[in-house]
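# Close look at the chain arrangement
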Amino acid sequence: MSKEFIRKSKEDKPVVAICYDFDKTLSPDDMQAQGYIQSVGYEVESFWKESNGLAEDNDMDQNLAYMFTMIQKAHGRFVFNRKKTNGLWSSGTTIPWD
C-alpha cells in the first residue's frame, strides 16, 4: 500500500477540508472562545448569553444560533480570509493525544 500523498481537485479547484470541534473532544473549551469571539470585540460570556438567548427566543438550535451570531457580529469587523484567519485558533489549548 502506497503512502504517497495524492492531491485531489474538483473542476480545477483544490479540495478544502475544514475540521471543527463542535463537542469539545479536541479542546477543553469552545473553539469560538479561543480567539474568534474576542476578535469581533465581544466578551465570551456576553456572546454566549446573546447567542443562547437568540436560540431560546426563536426556538432555534443552539449551534445554528451561535453560527448566525458569529456572522452577525463579524460584519464590518472581521474579514474572513486566509491572512486574517491564519493562526486565529492556534493559541487555543488542545487535549494531547496519548
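Residues numbered from 1 in each chain as written. Predicted model: local features only at pLDDT ≥ 70, side-chain atom pairs only at ≥ 80, totals over all residues. Heavy atoms only, no water.

### A look at unusual backbone geometry
Outside of glycine, negative phi angles account for most residues, and trans bonds account for most peptide bonds. In this structure, D59 takes a positive phi of about 50 degrees despite not being glycine. Take D59: it is sitting in the loop between α2 (44-57) and α3 (62-74). What makes D59 exposed here is its relative accessible area of 73%. (Helix = DSSP H or I, 4+ residues; strand = E, 2+ residues; numbered from the N terminus. Buried < 20%, exposed > 50% of the residue type's maximum accessible area, 1.4 Å probe, protein only.)

### Examining a nonpolar patch on the surface
A contiguous nonpolar patch, built from M60, L64, M67 and F68 and spanning about 350 Å² of accessible area, is present on the exposed surface. For L64, the position within the fold is in helix α3. (Patch = residues over 30% accessible without salt bridge, like charges linked within 9 Å, V, L, I, M, F, W, Y side chains within 5 Å. Areas by Shrake-Rupley, 256 points an atom, 1.4 Å probe, with all protein chains shown as cover. Salt bridge = Lys/Arg side-chain N within 4 Å of Asp/Glu carboxyl O.)

### Description of the packing of aromatic side chains
Throughout the structure, instances matching the rule amount to two aromatic pairs. Here the aromatic residues F47, W48 and Y66 are joined through ring pairs into a cluster of three or more. (Phe/Tyr/Trp six-rings, centres within 6.5 Å; stacked < 30°, edge-to-face > 60°.)

### Digging into the side chain of K73
Relative to the elements of secondary structure, K73 occurs in helix α3. Under the relative-accessibility criterion, K73 is labelled buried at 18%. Setting aside residues up to four positions removed in sequence, K73 forms contacts with V40, Y42, F47 and E50. (Contact = heavy atoms within 4.5 Å.)

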